[in-house]
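Structural overview for review
What follows is each chain in one-letter form.
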Amino acid sequence: MRSNGSSRARRRRRSRCATRSCSSLTSRPGPDRLDALTGGSSKPIADYGLLADCNSAALVDRGGSISWLCLPRFDSPAVFAGILDPDAGHWTIRPTAPYRSERRYLPGTLVIETTFMTES
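Reference entry: report on the structure contained in this document. Quantities reported herein were computed from a predicted structural model and do not represent experimental measurements.

Next up on the list: the packing of aromatic side chains. Scanning the entire structure with this criterion turns up 1 aromatic pair. Taken together, a centroid distance of 5.2 Å and an interplanar angle of 85° make the contact between Tyr99 and Phe116 edge-to-face. Separated by 17 residues along the polypeptide, Tyr99 in strand 6 (residues 99-105) and Phe116 in strand 7 (residues 112-118) bring together distant segments of the chain.

Structure representation (structure tokens):
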């Protein structure tokens, strides 16, 4: 029969090993490696804004493209999945002329306001 002290030590050792292996899984590839993996089409998740209504959600990039949308619920199949593959679909609204854009959440809300600025 084993004492409780030795089983606790084994559990502690096991959790430290699990923590160590998890940290190696969470490391991010560098920009060159990410481009090689995605063909240069990947954007950082920080470039997306979240639109949600408690039933579904969409990710909108700075250029006005909805790159991820599941309807009518979070667990529904994706309607747009351009965040995973450029050929997987997106919906975009933006000027046809060259533009700059600014985006912000309206204070105290989850409403995203995107402002496009063109030369004309």
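With that out of the way, let us pick up the environment of Ile45. Relative to the assigned elements, Ile45 resides in the loop between helix 2 (31-38) and strand 1 (48-52). Classification of Ile45 by relative accessible area gives exposed; the value is 59%. On a C-alpha basis, the gap between Ile45 and Leu59 in space is 9.2 Å, while along the polypeptide they are 14 residues apart. Sequence-distant contacts of Ile45, that is, excluding residues within four places in its chain, are made with Leu59 and Ile83.

Attention now moves to the nonpolar core. Among the nonpolar cores identified, the biggest contains 5 residues, and these are Ala58, Val60, Ile66, Leu69 and Phe80. The set of elements that each furnish at least two residues to this core consists of strand 2 (57-61) and strand 3 (65-70). Apart from the residues within four sequence positions on either side, Val60 is in contact with Asp47, Tyr48, Gly49, Leu51, Ser65, Ile66 and Arg103.

Below, the discussion takes up the pairing of strand 2. Taken residue by residue, a regular strand's side chains alternate between the two faces of the sheet. Burial runs high along strand 2: 5 of the 5 residues are buried. Covered by surrounding structure in strand 2 are Ala57, Leu59 and Asp61 together with Ala58 and Val60, the residues of both alternating faces. Direction of pairing for strand 1 relative to strand 2: antiparallel, over a ladder of 5 bridges. The residue of strand 2 that forms the bridge with Ala52 is Ala57. The hairpin formed by strand 1 and strand 2 contains 4 residues between the paired strands, and Cys54 there has a positive phi angle of roughly 75°. In this structure, strand 2 lies alongside strand 3, joined through 3 bridges in antiparallel fashion. By the bridge assignment, Leu59 is partnered in strand 3 with Trp68. Linking strand 2 back to strand 3 in an antiparallel pair, the connection comprises 3 residues, with Gly64 at a positive phi of about 90°.

Cis geometry is found at the peptide bond from Leu71 to Pro72, where omega equals 0°. If you trace the backbone, Pro72 turns up in the loop between strand 3 and strand 4 (78-80). Positive phi is not limited to glycine here, since Cys54 has a value of about 75°. Assignment of secondary structure puts Cys54 in the loop between strand 1 and strand 2.

As a further point, take the pattern of salt bridges. Summed over the entire model, instances satisfying the criterion amount to 4 salt bridges. A salt bridge links Asp47 to Arg62; the nearest nitrogen and oxygen atoms lie 3.4 Å apart. Of this pair, Asp47 sits in the loop between helix 2 and strand 1 while Arg62 sits in the loop between strand 2 and strand 3, and the two are 15 residues apart along the sequence. Using a relative accessible area of 24% as the deciding quantity, one classes Asp47 as partly exposed. We classify Arg62 as partly exposed; its relative accessible area is 40%. Ionic pairing is found between Arg73 and Asp75, a salt bridge with its closest N-O pair at 2.5 Å. Here Arg73 falls in the partly exposed class, since its relative accessible area comes to 47%.

Rules behind the numbers
- Residues numbered from 1 in each chain as written.
- Predicted model: local features only at pLDDT ≥ 70, side-chain atom pairs only at ≥ 80, totals over all residues.
- Heavy atoms only, no water.
- Phe/Tyr/Trp six-rings, centres within 6.5 Å; stacked < 30°, edge-to-face > 60°.
- Helix = DSSP H or I, 4+ residues; strand = E, 2+ residues; numbered from the N terminus.
- Buried < 20%, exposed > 50% of the residue type's maximum accessible area, 1.4 Å probe, protein only.
- Contact = heavy atoms within 4.5 Å.
- Core = buried A, V, L, I, M, F, W, Y, C linked by side-chain atoms within 4.5 Å.
- Pairing = 2+ DSSP bridges.
- Salt bridge = Lys/Arg side-chain N within 4 Å of Asp/Glu carboxyl O.

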